[in-house]
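Read off the chains here:
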Amino acid sequence: MLELNYRNVDEAIIGHENGLNIKQEFENYKGTIARIIADLNKRKDKPGQWLQWMNLGYNEETLWYVKEYAAMVQDRFENILVLGIGGSALGGLAVTEALLKPYWNLLTSEQREGLPRIFFLDNIDPDTMTGLLEILDLKKTLVNVITKSGSTAETMSQFMIVKNILEAELGDDYRKNIVATTDKRTGVLRQIAEQEGYKTFVVPDDVGGRFSVFSAVGLLPFALVGIDIDEITNGIKDMDLLLKNTDINENIAAQNALIHYLMDTQKGKNLSVMMPYSSRLKYVSDWYVQLWAESLGKNKDKAGNDVQIGPTPIKALGATDQHSQIQLYNEGPNNKIINFIRVKEFDNTMEIPPIFEYTGIGYLGGKTINQLINAEADSTRVALADYQRPTVTITIPKVNGYYVAQLLYMLEVQTAIAGELYNIDTFSQPGVEQAKNYTYALMGRVGYEESAQVLQSKIATA
Ligand code: PA5
């Protein structure tokens, strides 16, 4: 089971100025939290509430179709190339990085048991793209283009480039190398996919990009590289049951949501650092940053009042960033809450040989790297507490599909509960849409001519 240790946000440890009286706060917010959880679970099936992600663990049909398609095609391709950005890429990256053998793409086909390599192209740097396309044999590559809206300029421009190369190399057969994941009915990609006859999967209605990792957006790439997606959905379902508990004392997502909310609104700690002590969980931080930032950074509350709120998420990696960020976190402004993720049991144990006993590093000999990384997590947490800095620690028993899915789902529910506490619309992203619209205008999309003119003059004078 996942555990949340919040002792180091308590005022008994870090003092009243920076800490909370947790027992008292849980009591104060007991009713509010119970109402929020009950309400989310009541609203989740209603159209237009954007809560369908809470049902993704139970979507047997998608699971079946994904497994069937993956089994049919995965032997035919050496590579999977995912084209997508934001919520259409970050969940896939986080989970594949966590669950595939480290350095997966560098393993031989035999070491990968014949399963394909996987690449995520989530940016439009022309040099990186050129570099990747130079090393990938597109004829042996299955391209999974993922976009809910079906028109995101970054993803669609990548797709247009890749499609042209594929068609030039494979003729009419190029279609077999494309699978599109997009909205059921609307969007340009849906239109193209139907015209051209691509295999498609659906981003379900009422599931926003940053909450879509357990839809076909994530499940398809996972299954294609041999990740056990039943294990993933089992993890979500079990966590969902735990998080349906309306008692804050029993619900870790509610606890962490409330702690973050109070730290921000009462103690001025509006920066939230995500710091796993596991390289395999490195991209969980990237995924969390999008989830937390896009969901909670809003300028209006639900009543339409100007609020301009939202805690700023920061990604970090333990132990690496102890040597870059921790100085600031210990001694700089006391305006952060740090989330450590700690792994109880790593897959491997690495012993440090008992050599150089006569030197200052002799003490390391005979210990394990496992002991070292967890000792570093503990000592950093304690040092931060000495400086009266709040931290919480999420402990994950193992890095496997079951627990990684639980971790991500717990963070999704935590975000939804935090959004209710802030009283904002967690599931909209007008700021992202604004930037997208400006890009469309600048790139000459039909219907955006007026904005293009205004923008051009602003750019000229800015
Ligand atoms: O969470 C969101 O909604 C966004 O960050 C999207 O995931 C991102 O903009 C990509 O959008 P789309 O999937 O429509 O291409």
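Residues numbered from 1 in each chain as written. Predicted model: local features only at pLDDT ≥ 70, side-chain atom pairs only at ≥ 80, totals over all residues. Heavy atoms only, no water.

## A short note on helix α8 (residues 188-196)
Link 1 in the chain: Regarding α8, the residues found buried are Leu189, Arg190 and Ala193. Around the axis of α8, the buried residues are gathered within 100 degrees of arc, so they sit on the same side.
Link 2 in the chain: Downstream of α8 by one or two residues, Gly197 has phi in the positive range, about 80 degrees. (Buried < 20%, exposed > 50% of the residue type's maximum accessible area, 1.4 Å probe, protein only. Helix = DSSP H or I, 4+ residues; strand = E, 2+ residues; numbered from the N terminus. Arc of directions from axis to C-beta.)

## A word on the sheet that holds strand β10 (residues 312-315)
Neighbouring strands of a sheet are bound in pairs by backbone hydrogen bonds; such pairs are parallel or else antiparallel.
Link 1 in the chain: With mixed pairing, the five strands of this open sheet are ordered in space as β1-β12-β11-β7-β10. If you trace the sheet from one side to the other, it starts and ends with β1 (3-5) and β10, each paired once. Between one strand and the next, the sheet's axes are offset by a mean angle of 20 degrees, whatever the strand orientation.
Link 2 in the chain: Both strand β11 (residues 336-343) and strand β12 (residues 391-396) contribute to a ladder of six bridges, which runs parallel. Looking across to β12, one finds that Ile338 is bridged to Thr391.
Link 3 in the chain: Where helix α11 (residues 252-267) meets the sheet, it contacts β1, β7 (271-276), β11 and β12, and its direction lies at approximately 155 degrees from that of β11. (Pairing = 2+ DSSP bridges. Axes fitted to C-alpha atoms, helices over the stretch in contact; angles between N-to-C directions. Contact = heavy atoms within 4.5 Å.)

## A few points about the domain arrangement of the protein chain
Link 1 in the chain: One can read the domain layout of the protein chain as domain 1 (3-42 + 248-422) and domain 2 (52-232).
Link 2 in the chain: Of note, the centres of domain 1 and domain 2, computed from C-alpha atoms alone, are 30 Å apart.
Link 3 in the chain: Counting from both sides, the interface comprises 25 residues of domain 1 and, opposite them, 18 residues of domain 2.
Link 4 in the chain: Roughly 2000 Å² of surface becomes buried between domain 1 and domain 2 when both sides are summed, with 67% attributable to carbon and sulfur atoms.
Link 5 in the chain: Interface area lost by domain 1 to domain 2 is led by Arg280, Tyr283 and Glu412, which between them contribute 28%.
Link 6 in the chain: Our count for the domain 1 to domain 2 interface comes out at one salt bridge.
Link 7 in the chain: Here Glu294 and Arg210 are joined by a salt bridge, their closest N and O atoms 3.1 Å apart.
Link 8 in the chain: For the pair domain 1 and domain 2, the interface holds four residue pairs in polar contact (both at pLDDT 80 or more). (Domains from an automatic or database assignment. Buried area = accessible area lost by both parts, 1.4 Å probe. Salt bridge = Lys/Arg side-chain N within 4 Å of Asp/Glu carboxyl O. Polar contact = N/O pair within 3.5 Å; in protein donor to acceptor, adjacent residues only side chain to side chain.)

## A short note on the pairing of strand β6 (residues 199-203)
Link 1 in the chain: Examined bridge by bridge, strand β5 (residues 178-183) and β6 share five bridges and lie parallel to one another. Among the inter-strand pairings, Thr182 is bridged to a residue of β6, identified as Val202.
Link 2 in the chain: Each parallel crossover has a hand, and the one from β5 via α8 to β6 is right-handed. (Right-handed = clockwise from strand over helix to strand, strands pointing away.)

## Quick word on the side chain of Asp240
Link 1 in the chain: In this fold, Asp240 is placed in helix α10 (residues 229-243).
Link 2 in the chain: Classification of Asp240 by relative accessible area gives buried; the value is 2%.
Link 3 in the chain: Leaving out residues up to four positions away in the same chain, Asp240 has contacts with Met54, Tyr58 and Tyr409.

## Notes on the sheet that holds β6
Link 1 in the chain: Strand order in the open sheet formed by five strands is β3-β2-β4-β5-β6, and the pairing between neighbours is parallel. Here the strands that pair on one side only, and so sit at the sheet edges, are β3 (117-121) and β6. Mean inter-strand twist for the sheet, computed between neighbouring axes without regard to direction, equals 20 degrees.
Link 2 in the chain: Across the sheet, helix α4 (residues 60-73) is in contact with β4 (141-147), β5 and β6; its angle to β6 comes to roughly 150 degrees.

## With respect to the nonpolar core
Link 1 in the chain: Ranked by size, the top nonpolar core spans 99 residues in total, and within it Trp53, Ile232 and Ile417 carry the most contacts.
Link 2 in the chain: In terms of residue count, helix α15 (residues 401-422) provides more of this core than any other element does, 14 residues in total.
Link 3 in the chain: For Ile232, the contacting residues outside a window of four places in its chain are Val95, Leu99, Phe214, Leu219, Phe222, Ile227, Gly401 and Ala405.
Link 4 in the chain: Counting 21 residues, the second largest nonpolar core, distinct from the first, contains Phe119, Met129, Leu138 and Leu189. (Core = buried A, V, L, I, M, F, W, Y, C linked by side-chain atoms within 4.5 Å.)

## Let's talk about the site of the ligand
Link 1 in the chain: Taken together, 15 residues form the shell around the ligand, and within it Ser88, Thr147, Ser149, Thr152 and Gln290 come nearest.
Link 2 in the chain: Gly87 places a main-chain nitrogen or oxygen 2.9 Å from an oxygen atom of the ligand.
Link 3 in the chain: Here the ligand loses 92% of its free accessible area of 380 Å² to cover by the protein chains.
Link 4 in the chain: Within the residue set of the shell around the ligand, elements represented by two or more residues are α12 (282-296) and α16 (430-442). (Near = heavy atom within 4 Å. Areas by Shrake-Rupley, 256 points an atom, 1.4 Å probe, with all protein chains shown as cover.)

## Some thoughts on the pattern of salt bridges
Link 1 in the chain: Counting across every chain of the model gives 27 salt bridges.
Link 2 in the chain: Linking Lys140 and Asp137 is a salt bridge whose minimum nitrogen-to-oxygen distance equals 3.8 Å.
Link 3 in the chain: The partly exposed category is assigned to Lys140, whose relative accessible area is 38%.
Link 4 in the chain: Asp205 serves as the salt-bridge partner of Arg185, at 2.9 Å between the closest nitrogen and oxygen. With Arg185 in the loop between β5 and α8 and Asp205 in the loop between β6 and α9 (216-224), this pair connects stretches of sequence that are 20 residues apart.

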